[in-house]
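# Breakdown of the fold
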Amino acid sequence: MATSATHPLLSYRPLNLLFKLLYVGTIVVRLPFWIISAAIPSLRPHPKWTAKQAFMVRVAYAVLDIDARIGITEQLSLEKQKEGDRFQVIKPSSEDVYKGPLASDIKPDVIGGTWFPQPPVGDLASKLVVLHFHGGAFVQGNGRTEQCGFLAKTMVTQGGADFVFSVQYRLSGYSGLNPFPAALQDALTSYLFLLNDLKIPARQIVVSGDSAGGNLVIAFLRYIQEFGVQLNISPPRCAALLSPWVAPLDHDFTGNPNRVSDFLPASFLIWGARTYAGHLPNAASHPYVTPLGNPFATTVPILVNSGTAEIFFDANMRWTDEMRGITNNVVELHREDAAVHDTSLSGQLLGFEESPRGVAERIGVFIRQY
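Below you will find a few notes about this structure.

### Section: the overall build of the protein
- Regarding its fold elements, the protein presents 9 helices and 8 strands.
- For the protein, the C-alpha atoms occupy an extent of roughly 60 × 45 × 45 Å along the three principal directions.
- Long-range pairs, those at least 24 residues apart, make up 80% of the contacts in the protein between residues at least 6 apart in sequence.
- For the protein, the computed accessible surface area is about 15,500 Å², with 56% contributed by carbon and sulfur atoms.

### Here's the deal with the packing of aromatic side chains
- The tally for this structure, following the rule as stated, stands at 13 aromatic pairs.
- With 4.8 Å between their ring centres and 35° between their planes, Y223 and F227 make a pair best called tilted. Of this pair, Y223 and F227 both sit in helix α5 (residues 212–231), 4 residues apart, which is roughly one turn of that helix. Like Y223, the residue F227 is buried in the burial classification.
- Judged by centre distance (6.4 Å) and plane angle (10°), the rings of W245 and F312 are stacked. Residue W245 is located in the loop between β6 (238–242) and α6 (266–277), and its partner F312 is located in the loop between β7 (302–307) and α7 (313–324); the two are separated by 67 residues in the primary sequence. Comparing W245 with F312, the two get one shared label, buried.
- Over the ring of F87 we find R144; its NZ or CZ atom is 3.8 Å from the centre of that ring.
- Sitting over the face of the ring of Y288, R222 holds its NZ or CZ atom 5.8 Å from the ring centroid.

### Points about the sheet that holds strand β2 (residues 111–116)
- Read from one edge of the open sheet, 8 strands run β1-β2-β4-β3-β5-β6-β7-β8, paired in mixed fashion. Edge positions in the sheet fall to β1 (87–90) and β8 (331–336), since each of these pairs with one other strand and no more. Across the sheet, the axes of successive neighbouring strands diverge by a mean angle of 20°, strand direction being ignored.

### Some thoughts on α7
- Between its terminal C-alpha atoms α7 stretches 16 Å, which fits the 16 Å expected from 12 residues at 1.5 Å a residue.
- Taken together, the buried positions of α7 are occupied by F313, A315, N316, W319, T320 and M323. The arc that holds every buried residue of α7, seen down its axis, measures 160°, which confines them to one face.

### Looking at the packing of helix α2 (residues 51–70) against helix α8 (residues 343–350)
- The contact between α2 and α8 brings their axes to 9 Å, and the two run at 115°. Relative to α8, the element α2 lies roughly perpendicular. Where α2 approaches α8, its residues K52, Q53, M56, V57 and A60 are matched on the opposing element by Q348, L349 and L350.

### A look at the pattern of salt bridges
- One pass over the structure, following the stated rule, counts 11 salt bridges.
- The salt bridge involving D321 is made with R324; its shortest N-O contact spans 3.9 Å. Here D321 pairs with R324, and both are found in helix α7, just 3 residues apart, close to one helical turn.
- Across the pair E332 and R362 runs a salt bridge whose closest N-O atoms are separated by 2.6 Å. Within this pair, whereas E332 is found in strand β8, its partner R362 is found in helix α9 (residues 354–369), the two being separated by 30 residues in sequence.
- With a relative accessible area of 21%, R362 lands in the partly exposed category.

### Some thoughts on a nonpolar patch on the surface
- Judged by side-chain polarity, L9, Y12, L15, L18 and L22 come together as a nonpolar surface patch covering roughly 530 Å² of accessible area.
- Relative to the helices and strands, L9 is located in the segment before α1 (15–39).

### So, unusual backbone geometry
- Following R13, the chain continues to P14 via a peptide bond in cis, the omega torsion being 0°.
- Mapped onto the fold, P14 is located in the segment before α1.
- Omega for the bond connecting F180 with P181 falls within 30 degrees of zero, at 15°, which places this linkage in the cis form.
- With respect to the helices, strands and loops of the structure, P181 is situated in the loop between β4 (163–168) and α4 (182–197).
- Its identity as a non-glycine residue notwithstanding, F138 has a phi of 70°, on the positive side.
- Its location among the elements puts F138 in the loop between β3 (129–133) and α3 (145–157).
- Its identity as a non-glycine residue notwithstanding, K199 has a phi of 60°, on the positive side.

### Observations regarding the pairing of β4
- The element β4 is largely enclosed, with a buried count of 6 among its 6 residues.
- Of the two faces of β4, the one carrying F163, F165 and V167 and the one carrying V164, S166 and Q168 are both buried.
- Pairing between β2 and β4: 5 bridges, direction antiparallel. Looking across to β4, one finds that F116 is bridged to V164.
- For β3 and β4, the ladder comprises 5 bridges, and the chain directions are parallel. Paired with L131 across the two strands is F165, which belongs to β4.

Rules used throughout
Residues numbered from 1 in each chain as written. Predicted model: local features only at pLDDT ≥ 70, side-chain atom pairs only at ≥ 80, totals over all residues. Heavy atoms only, no water. Helix = DSSP H or I, 4+ residues; strand = E, 2+ residues; numbered from the N terminus. Contact = heavy atoms within 4.5 Å. Areas by Shrake-Rupley, 256 points an atom, 1.4 Å probe, with all protein chains shown as cover. Phe/Tyr/Trp six-rings, centres within 6.5 Å; stacked < 30°, edge-to-face > 60°. Buried < 20%, exposed > 50% of the residue type's maximum accessible area, 1.4 Å probe, protein only. Lys NZ or Arg CZ within 6 Å of the ring centre and 35° of its normal. Pairing = 2+ DSSP bridges. Axes fitted to C-alpha atoms, helices over the stretch in contact; angles between N-to-C directions. Expected span 1.5 Å × (residues − 1). Arc of directions from axis to C-beta. Parallel < 35°, antiparallel > 145°, perpendicular 65-115°, else oblique. Salt bridge = Lys/Arg side-chain N within 4 Å of Asp/Glu carboxyl O. Patch = residues over 30% accessible without salt bridge, like charges linked within 9 Å, V, L, I, M, F, W, Y side chains within 5 Å.

And the structure:
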């Protein structure tokens, strides 16, 4: 049986401080090359990119690589913080709704979430609510304003949502911190909170997720398909997957044509996969962990968005084809031209501000179709 991975030596002081200093030193050495290659169009990783995009993608890669090699999971808080009343604490549902893969030694727990643009009031029966799960390889992110504010704004402004509820699900970490199925339990908890506590009809709920959050949404849809009738849980209106992580255990990008045009280092993905699913002996084929190769029937229409310059692009296309191969499934693929991974989350920082606005508009059109 597989066991939980332990913290790397670089997680401990003073080694992590020394490592950061040395790594920053290598960045300083590389900066002139990054600046020159960004300034000259023919040297940029993608011919359609601006100088800012080319430069910031390299910076983001280095920052994530540092975080991954140290391997310290972000600590979450259930305090309101600067979100104020927009942050809401949610208690888990009764234990009998967590069945099958969610029935585990890992127990459902209290989580939080942030409302955008403000907390809803009054009758929500006619309001369109997007239930969103953020990315971050299951080890980073909290769904709050700093991380998901831009994404939520595009969902409201361009996507037509009345409200976005961004879930602060439990993050995984070394030494057995919140591994699978903790985050998936939290996904169910948040959905049932909207249905049962706020009385929002399932037809008015759209579930969305970016990167690791997209992986959660896929697993959630599989769970609803498998156990929804038994538990009397209605499926959501539709789903939007933004650069979903469909093959978490596949870290070999040697032959990937986009390996030089994306900001995701393999070290970051390995960190997330090991802490989230490393304890599972069959993680690479587990249907609730690895969607690629495990298609399933679903009554929920799905829109998949993937950047043509991201390392997940090929896997996203293959998973879309697999899902389309099942009778009555409705799965659409939107190709985000010249985009890196998950611009809805990172675009504002990396210089891809306009691209995710177009993605949100496409999501809005998709929602109105169903």
